[in-house]
Amino acid sequence: MKPKQILNAAGAILSLALVFSPLATHAQAQGTRSIWNIPSAQYPMVDDQGRATFKLTAPNAHSVQVTIHKTTYEMTRATDSVWTLTTPALPKGFHYYFMTIDGVKTIDPNSQTFFAYSREAGGLEIPEGSEGDYYRPQRGIAHGQLRTIEYYATSSGTWRTAIVYTPAGYDQSGNHRYPVLYLQHGMGEDHTGWTRQGMMQHIVDNLTAAGTATPMIVVMESGDINVPKKEKEHFVEITKYGTSFYRTFIADLIPMIDSTFRTIPDRDHRAMAGLSWGGHQALDIVVPHLDMFAYIGLFSGAVYGLDVHKNYGGIMSDAKTFNSKLRCFFIGYGTDENVGQTKLRKELDDNGIHYTPFISQGTAHEWLTWRRCLKEFLPLIFKSK
């Protein structure tokens, strides 16, 4: 990039902070502000047709774009300083997005930031309506708590962080013990994904209050799957991403959780689920450790290359034994994606392996699919025999 372009881009980025000034935000489009805007920002704004309007003050910029998932939209200069864009109708649910100013990829300062694609990103929510109430906080019910735990992993010689959800009334429940769900994020994300993009705490609260989910502890840790850009080009060939997490998970994380919280430390009260590559990790951890887990959930699980006859020592080829070990094998995904589930389900069917399918209608490889998967999975686990 030439020096002049760098100066222009830097000036544009500095001017982003003015985007919610009266000049930038006197309402021209109708709608409501995105729920993920910072408190002082009116834009992005979402209308009732699912279109998003962005405004940006960047007087020195020559080109400004907004990229939502894999689609890039050109912003237009509405005044000498203000750039604007109204997108076509977007799918319902949560979307990551970036802005690019004169070739410099950056984050819209109007948005809260989320860790995705191994970097910070903006976030936009296209509301579902009342059908999305299951992942929204509700009044009049008891709510659990989120706790951030730092612990030392002896196996790796590093300090690590986990987010732990404790159910409503945990601190007042005396000696009562709880089952544990270990819940993993996807490639390029981190341990904050499920509590922010996924809204898992509200999903668990609402289902528990309705009596359809068992009160439980939920643990979210980093799966060590922040992928360098150059390696993403060979994604399908990679089978070892995040394997550094496996030893830590078994040797350090589970013992720390069992010694810190009032868990029921046996296989019948321990589950693991994950989205995308986190689902791949769940399969890699649970299947070789069926003495420790009785439930597994794959939410758009990246299961490329799985051979039920050869992987995991061939344990999945013995359907009778495998079925007797797992009390729930959940496979969920969206109608508009395929990261190996179709092939996996055929192999499981052909080999007589039992599983519970769920297909999210009209969704792809995205957080709305995974919110729905969690909603369907929770009522299936930790139920009495």
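Fair warning: this is a prediction, and the values are worked out from it, not measured in the lab. (Residues numbered from 1 in each chain as written. Predicted model: local features only at pLDDT ≥ 70, side-chain atom pairs only at ≥ 80, totals over all residues. Heavy atoms only, no water.)

Comments concerning the packing of helix α6 (residues 244-260) against helix α7 (residues 277-286)
Step number 1: The interhelical angle for the contact between α6 and α7, taken along N-to-C directions, is 55 degrees, at an axis separation of 11 Å. As the angle between them shows, α6 and α7 are arranged oblique. For α6 against α7, the interelement crossing comes out right-handed. Mapping the contact onto sequence places F245, Y246, F249 and I250 in α6 and H280, Q281, D284 and I285 in α7.
Step number 2: Taken together, the residues of the contact of α6 with α7 sort by class into five nonpolar, two polar and one charged. (Axes fitted to C-alpha atoms, helices over the stretch in contact; angles between N-to-C directions. Helix = DSSP H or I, 4+ residues; strand = E, 2+ residues; numbered from the N terminus. Parallel < 35°, antiparallel > 145°, perpendicular 65-115°, else oblique. Left-handed = near helix turned anticlockwise from the far one by under 90°. Contact = heavy atoms within 4.5 Å. Nonpolar A, V, L, I, M, F, W, Y, C, P; charged D, E, K, R; others polar.)

Brief notes about the pattern of salt bridges
Step number 1: For the structure shown, the criterion picks out 14 salt bridges.
Step number 2: Taking the shortest distance from any N to any O, the salt bridge between R371 and E125 comes out at 2.8 Å. Placement of R371 in helix α10 (residues 367-377) and of E125 in strand β11 (residues 119-126) is noted, with a sequence separation of 246 residues between them. Neither R371 nor E125 differs from the other in exposure class; each is buried.
Step number 3: Across the pair E347 and K343 runs a salt bridge, and its minimum N-O distance is 2.5 Å. (Salt bridge = Lys/Arg side-chain N within 4 Å of Asp/Glu carboxyl O. Buried < 20%, exposed > 50% of the residue type's maximum accessible area, 1.4 Å probe, protein only.)

Some details on the nonpolar core
Step number 1: Counting residues in each nonpolar core, the largest one holds 44 residues, and the members touching the most others are Y182, L253 and F329.
Step number 2: Other than its neighbours up to four places away in sequence, F329 contacts L283, I296, L298, M316, F322, L348, I353, H354, Y355 and T356.
Step number 3: With 41 residues, the next largest nonpolar core counts Y96, M199, W370 and L378 among its residues. (Core = buried A, V, L, I, M, F, W, Y, C linked by side-chain atoms within 4.5 Å.)

Thoughts on the packing of aromatic side chains
Step number 1: Scanning the model with the defined rule gives 23 aromatic pairs in all.
Step number 2: Geometrically, the ring pair formed by F299 and F330 is edge-to-face, given 5.7 Å between the ring centres and 85 degrees between the ring planes. Residue F299 is located in strand β17 (residues 295-299), and its partner F330 is located in strand β18 (residues 328-334); the two are separated by 31 residues in the primary sequence.
Step number 3: F299 sits in the buried class, given a relative accessible area of 0%.
Step number 4: The structure contains a cluster of three or more aromatic residues connected by ring pairs, namely W194, F299, F330, F358, W367, W370 and F377.
Step number 5: Note that R262 overlies the ring of Y170, its terminal NZ or CZ placed 4.2 Å from the centroid.
Step number 6: Across the ring face of F293, the terminal group of R270 is positioned such that the distance to the ring centre comes to 6.0 Å. (Phe/Tyr/Trp six-rings, centres within 6.5 Å; stacked < 30°, edge-to-face > 60°. Lys NZ or Arg CZ within 6 Å of the ring centre and 35° of its normal.)

Description of the sheet that holds β18
Step number 1: Here eight strands make up an open sheet; going across it, the order is β12-β13-β15-β14-β16-β17-β18-β19 and the pairing mixed. Strands at the two margins of the open sheet, each flanked by one partner only, are β12 (145-153) and β19 (356-360). When the angles between neighbouring strand axes are averaged without regard to direction, this sheet yields 20 degrees.
Step number 2: Bridge analysis of β18 against β19 gives five bridges, and the strand direction is parallel. Looking across to β19, one finds that G334 is bridged to S360.
Step number 3: Lying over the sheet, α6 contacts β12, β13 (158-166), β14 (180-184), β15 (217-221) and β16 (270-275), oriented at roughly 120 degrees with respect to β12. (Pairing = 2+ DSSP bridges.)

Side note on the packing of helix α4 (residues 200-209) against α10
Step number 1: One can describe the packing of α4 onto α10 by two numbers: an axis separation of 10 Å at closest approach and a directional angle of 30 degrees. By the angle between their axes, α4 is roughly parallel relative to α10. For the pair α4 and α10, the crossing hand works out as right-handed. Taking contact as the criterion, the partners of M200, I203 and L207 in α4 are, on α10, R371, L374 and K375.

Here we look at the pairing of β18
Step number 1: Within β18, seven of the seven residues are buried, which leaves the element mostly enclosed by the surrounding structure.
Step number 2: Burial along β18 is two-sided: the face carrying C328, F330, G332 and G334 and the face carrying F329, I331 and Y333 are both buried.
Step number 3: As judged from the five bridges shared by β17 and β18, these two strands associate in the parallel manner. Along β18, the bridge assignment pairs F299 with G332.

Looking at the sheet that holds strand β7 (residues 82-86)
Step number 1: Taken in spatial order, the five strands of this open sheet run β1-β2-β3-β7-β6, and their pairing is antiparallel. Edge positions in the sheet fall to β1 (32-33) and β6 (76-77), since each has one partner strand and no second.
Step number 2: Examined bridge by bridge, β1 and strand β2 (residues 45-46) share two bridges and lie antiparallel to one another. Following the sheet pairing, R33 is matched in β2 by M45.

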